[in-house]
Amino acid sequence: MIKNNFSILILVAFFFVACEKEEIPVAAHNPGSTIASSVFMQSDYSSQLYFDLETNKMIQQNHKTIWDLGFETSEAGNKVVLNTSKLMYAANTQQTNFANVTDTVGLTFKWDAASGNLDSTAIGDWTANNVYVIDRGLDELGTHQGFSKIEFLAVNTSEYTVHFANLDGSNDKTMNITKDADYNLAFLSLNGNTVSVAPPNENWDLSFTQYTNIFYDETPITPYVVAGCLSNRNKVEVAQVFDKEFENIVLDDVNNYGFSTAVDAIGYAWKEYDFNTSSYIIFSAKNYIIKSTEGKYYKLHFIDFYDDLGVKGTPTFEFQEL
């Protein structure tokens, strides 16, 4: 009896297996071709460039000094960032009387985190309506751009209202800055105008620019302006792959490395200045996997920082869709 039941179980199992649909084979993924590309930041790093991996195009560029402050543009957004390409600082005066702020004596200046973390900005929570002093930083020649004072009067789902002037009270302006969720930030020049800087946030992946990096291992802690590659805070994520050859990185590797949303996950350290040769060394073994705004994965590494004439400021890189 037991033998007969066992035979029936085998027949039933065979019946279900025989009736099961065959698995549908999945075609092997074909990666894209390896592409070599380059961008020119100018030898004095005065240009900020916005690059899209999918189209292999520079989407937009601007002179780095045309803006000072960037305003978060989501409906609930209220964060304000500095233009870190100019080595800018901000100080909360702890005063609410705008007219009484006329100098920088006794102020403690802070800088934005290089990671782009909006909870780690120099301005921080401005809702107490204190007056801030803004050190507008340096241009590409090292010329100081002066100081301004500003108070952030209001924010709602569609705009900010700000009041600013030079420290001596000149150039006094009150402005509304419109939010547009198609962009990461709205940009203000403390000369007294809003400006177009970055493209719409779905149109680019990487920005080539100078930015302020903080060297916490130095005493005192020291901020420097470095030239590097920042990622779009909208959807872009980056994994560092320093233990595998560029040619051997495949799509499956996206599961083997941790991805970061920090905008400086690529940063500047793919190169190093050699004081013996007075030139930059490129670390082409430092590879990166980038998840783009379209959700595609690319591998990328840098191979040069000079153009054909030996002029610095030309990051050259190879990338390939995985």
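That block above? That's the structure.
So, here is what we can say about the structure in this document. (Residues numbered from 1 in each chain as written. Predicted model: local features only at pLDDT ≥ 70, side-chain atom pairs only at ≥ 80, totals over all residues. Heavy atoms only, no water.)

1. Observations regarding the sheet that holds strand S5 (residues 80-82)
Phase 1: Across the sheet, 4 strands lie side by side as S5-S4-S11-S12; this open sheet has antiparallel pairing. The two strands at the open ends of the sheet, each matched to only one other strand, are S5 and strand S12 (193-195). Looking at each pair of strands side by side, their axes are set apart by 35° on average, direction ignored.
Phase 2: Strand direction decides the pairing type here: strand S4 (residues 69-72) and strand S11 (residues 185-189), joined by 4 bridges, are antiparallel. Note on S11: the bridge partner recorded for Phe71 is Ala186. (Pairing = 2+ DSSP bridges. Helix = DSSP H or I, 4+ residues; strand = E, 2+ residues; numbered from the N terminus. Axes fitted to C-alpha atoms, helices over the stretch in contact; angles between N-to-C directions.)

2. Things to note about the pairing of strand S10 (residues 173-178)
Phase 1: Where strand S9 (residues 159-166) meets S10, 6 bridges bridge the pair, whose relative direction is antiparallel. Within S10, the position partnered with Tyr160 by the bridge is Ile177.
Phase 2: The turn linking S9 back onto S10 is made up of 6 residues, and Gly169 within it adopts a positive phi angle of 95°.

3. A few points about the environment of Thr178
Phase 1: Its location among the elements puts Thr178 in strand S10.
Phase 2: On the basis of relative accessible area, Thr178 is assigned to the exposed category, the value being 54%.
Phase 3: Along the backbone, Thr178 and Ile249 are 71 residues apart, and their C-alpha atoms lie at a distance of 43 Å. (Buried < 20%, exposed > 50% of the residue type's maximum accessible area, 1.4 Å probe, protein only.)

4. What to know about the environment of Asp253
Phase 1: With respect to the helices and strands, Asp253 occurs in the loop between strand S15 (237-241) and strand S16 (271-274).
Phase 2: Among all residues touching Asp253, those that are not within four sequence positions of it are Lys244, Asn248 and Ile289.
Phase 3: Only 2.7 Å separates the side chain of Asp253 from the side chain of Lys244, close enough to count as a polar contact. (Contact = heavy atoms within 4.5 Å. Polar contact = N/O pair within 3.5 Å; in protein donor to acceptor, adjacent residues only side chain to side chain.)

5. Here we look at the sheet that holds strand S14 (residues 222-231)
Phase 1: Here we have 4 strands laid out as an open sheet, ordered S3-S2-S13-S14, and antiparallel in their pairing. Taken across any chain shown, the strands that pair with only one partner, and hence form the sheet edges, are strand S3 (57-63) and S14. Averaged over all neighbouring strand pairs, the angle between strand axes comes to 35°, with direction disregarded.
Phase 2: Bridge count between strand S13 (residues 206-215) and S14: 10 bridges; the pairing is antiparallel. Its bridge partner lying in S14, Asn213 is registered against Tyr224.

6. Things to note about a nonpolar patch on the surface
Phase 1: A contiguous nonpolar surface patch, about 290 Å² in accessible area, is contributed by Phe40, Leu309 and Val311.
Phase 2: Secondary-structure assignment places Val311 in the loop between strand S19 (297-306) and strand S20 (312-321).
Phase 3: Judged by its relative accessible area of 30%, Val311 falls in the partly exposed class. (Patch = residues over 30% accessible without salt bridge, like charges linked within 9 Å, V, L, I, M, F, W, Y side chains within 5 Å. Areas by Shrake-Rupley, 256 points an atom, 1.4 Å probe, with all protein chains shown as cover. Salt bridge = Lys/Arg side-chain N within 4 Å of Asp/Glu carboxyl O.)

7. A short note on the pattern of salt bridges
Side-chain pairs of opposite charge can arise where the charged atoms are in close proximity.
Phase 1: Across all of its chains, the model carries 6 salt bridges by this definition.
Phase 2: Residues Lys86 and Asp68 are paired through a salt bridge, measuring 2.6 Å at the closest nitrogen-oxygen approach. Here Lys86, found in the loop between S5 and strand S6 (89-92), pairs with Asp68, found in the loop between S3 and S4; they are 18 residues apart in sequence, far enough to count as distant. As far as the burial class goes, Lys86 and Asp68 line up, both buried.
Phase 3: We note a salt bridge from Asp253 to Lys244, for which the minimum N-O separation is 2.7 Å.
Phase 4: Judged by relative accessible area, which is 4%, Asp253 ranks as buried.
Phase 5: Several salt bridges share partner residues, and in doing so they unite Asp68, Lys86 and Arg136 into one network.

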